[in-house]
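Descriptive analysis of the structure
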Amino acid sequence: MRKLFFLLLSSLSLMGVVLPENAPFAGGIIVQEINTAHKPKVYHGKRQLMVLDTEKKGHYVVVAGIGLSQKAKAPYKLRIVEAKKEQFHTFYLEDKVYKKQYITLKNKRKVNPTKLDMKRINSEKKRSHTALALFTPQKFETLSMVKPVDVNISDDFGKRRYFNNKPRRPHSGVDMPAPVGTPIVAPLGGKIVEMGEFFFNGNVIFIDHGLGLVSMYCHMSKFDVKKGQMVKRGQKIGEVGQTGRVTGPHVHWGVSLNGAMVDPRLFFVKQK
Ligand SMILES: [Zn+2]
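Residues numbered from 1 in each chain as written. Predicted model: local features only at pLDDT ≥ 70, side-chain atom pairs only at ≥ 80, totals over all residues.

**Describing the nonpolar core**
As a reminder of what qualifies: Throughout this description, the term nonpolar core refers to a group of buried Ala, Val, Leu, Ile, Met, Phe, Trp, Tyr and Cys residues whose C-beta atoms join them within 7 Å. Partly exposed residues are those whose C-beta has more than 12 but fewer than 20 other C-beta atoms within 10 Å; 20 or more makes a residue buried and 12 or fewer makes it exposed, with C-beta atoms placed from the backbone. Throughout, the edges of the domains are those of an automatic or database domain assignment.
In terms of nonpolar packing, the biggest core is built from 56 residues, with I29, I66, I205, Y217 and V251 touching the most fellow members. Counting the residues that make up this core, at least three belong to each of domain 1 (2-92) and domain 2 (112-267).

What follows is the structure in structure tokens.
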């Protein structure tokens, strides 16, 4: 099934836009060609999805993020709206098993926050949800990302986590361990839409890349950008730190597509 998509897509020119890998499973991305007379709007539930033009009229590509909680073999439906017509396309996702990870934290408040902490956590959650839910217009030059930090990137995306033996949400990004002060760069151009010092995330920055693609960088020691600023692919945004819920200096990098946290490594595709 994956090969078929690949063949379909390789025959299309996307005005030079490099696409992420097709990975039809929880935490992955569906990259699918659709054919409609005019450019459609495509949705999964209430979420609008990224649709890209190709050089062939009537041919478009949908790039849809799949949430980590999405069950394999359960139908994943795309609603394709063109003028007043509506059609559905159903996918059955591949199974993907993520490993378990046990983490011990000495700071018990970061595992069992106080009532006052919870108030702060909830307001920060709202701010990050708002940033991650953005869907702003964009004409991409590329979707090929560069590494935010020049280190090997671990395979800990999606791991089912236990903090001091208590089950917590799965790991929705990748961790990049590096010494405090190591530069962090924007993997793709965009706008700094949110930033601050959060209880769990520490010093955090959110970049809106457009069409539902938003990325976040946590536990930073220093910011080099301001809210509202535009940044270019490869531009320094700040430095690695160990703020928030951490066991050592690293950056937690999360990539959200249509509100679903997906594996950032799927965007490491070579720029031609
Ligand atoms: Zn992390």
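**Here we look at the sheet that holds strand β8 (residues 100-103)**
To keep things clear, this is the line we draw: Only strands joined by at least two bridges in the DSSP assignment are considered to pair. We count a stretch as a helix when DSSP gives it H or I for four or more residues in a row; a strand needs E for two or more, and each element gets its number in order from the N terminus. Axis lines are fitted through C-alpha atoms, for helices just across the contact stretch, and the angle between N-to-C directions can take any value from 0 to 180 degrees.
Reading across from one edge, β8-β9-β10 is the order of the three strands in this open sheet, with mixed pairing throughout. What marks the edges here is a single partner per strand, and that holds for β8 and β10 (166-168). Each strand of the sheet is rotated relative to its neighbour by a mean of 30 degrees, with strand direction disregarded. Strand direction decides the pairing type here: β8 and strand β9 (residues 160-163), joined by four bridges, are parallel.

**Notes on helix α2 (residues 115-132)**
So the rule is basically this: Multiplying 1.5 Å by the residue count of a helix minus one yields the expected span of that helix. As used here, the arc belongs to the directions running from the helix axis to the C-beta atoms. It is the C-beta atoms, placed from the backbone, that decide contacts: two residues are in contact if theirs lie within 7 Å.
Along its 18 residues, α2 runs 25 Å from first to last C-alpha, staying within 8% of the 26 Å computed at 1.5 Å per residue. Taken residue by residue, α2 has S128, A131 and L132 as its buried positions. Each buried residue of α2 sits inside an arc of 85 degrees when the element is viewed along its axis, so together they form one side. Exposed residues lying more than 90 degrees from the buried face of α2 are K115, L116, M118, K119, N122, S123, K126, H129 and T130. Contacts from the buried residues of α2 go to β13 (190-198), β14 (202-210), β15 (213-223) and β18 (250-257).

**Quick look at the sheet that holds strand β6 (residues 75-82)**
Across a sheet, paired strands are connected by hydrogen bonds in the backbone, their directions being either parallel or antiparallel. The strand order across the open sheet formed by four strands is β3-β2-β6-β7, and the pairing between neighbours is antiparallel. The open sheet has two edge strands with one neighbour each: β3 (47-48) and β7 (85-92). In this structure, strand β2 (residues 41-44) lies alongside β3, joined through two bridges in antiparallel fashion. The residue bridging Y43 from the neighbouring strand is Q48, located in β3.

**Some details on the domain arrangement of the protein chain**
Segmenting the protein chain into domains produces domain 1 (2-92) and domain 2 (112-267). Measuring from the centre of the C-alpha atoms in domain 1 to the corresponding centre in domain 2 gives 25 Å. Counting residues at the interface gives 19 residues for domain 1 and 23 residues for domain 2. Contributions of two or more residues to the side of domain 1 that touches domain 2 are made by β3 and β5 (59-65).

**Regarding unusual backbone geometry**
The phi dihedral of K73 falls on the positive side, at around 70 degrees, and the residue is not glycine. In this structure, K73 sits in the loop between β5 and β6. A count of 9 C-beta atoms within 10 Å places K73 in the exposed class. Of note in the backbone geometry, N165 takes a positive phi value of approximately 70 degrees without being a glycine. You can see N165 is positioned in the loop between β9 and β10. For N165, a count of 9 C-beta atoms within 10 Å puts it in the exposed group.

**Overview of the environment of G259**
Along the chain, G259 turns up in the loop between β18 and β19 (260-262). Using a count of 19 C-beta atoms within 10 Å as the deciding quantity, one classes G259 as partly exposed. Taking the C-alpha atoms as reference, G259 lies 9.5 Å from L49; in sequence the two are 210 residues apart. With residues up to four places along the chain from it excluded, the contact list for G259 reads R47, L132 and A133.

**Comments concerning the pairing of β13**
As paired strands, β13 and strand β16 (residues 230-231) are joined by two bridges and run antiparallel to one another. Each bridged residue has a counterpart across the sheet, and for K191 the counterpart in β16 is M230. Linking β13 to β14, which pair antiparallel, is a turn of three residues.

**Quick notes on the environment of V149**
Assignment of secondary structure puts V149 in the loop between α2 and β9. Residues contacting V149, with those up to four places away along its chain left out, are M176, A178, T182, I184, V240 and V251.

**Comments concerning the pairing of β5**
Among the seven residues that make up β5, five are buried, leaving the element largely enclosed by the rest of the structure. Relative to β5, strand β1 (residues 29-35) runs antiparallel, the two sharing seven bridges. Within β5, the position partnered with V31 by the bridge is V63. Here strand β4 (residues 50-53) pairs with β5 via four bridges, running antiparallel. Within the sheet, the bridge partner assigned to M50 lies in β5 and is V63. Connecting the antiparallel pair β4 and β5 is a turn made up of five residues, with G58 showing a positive phi of about 85 degrees.

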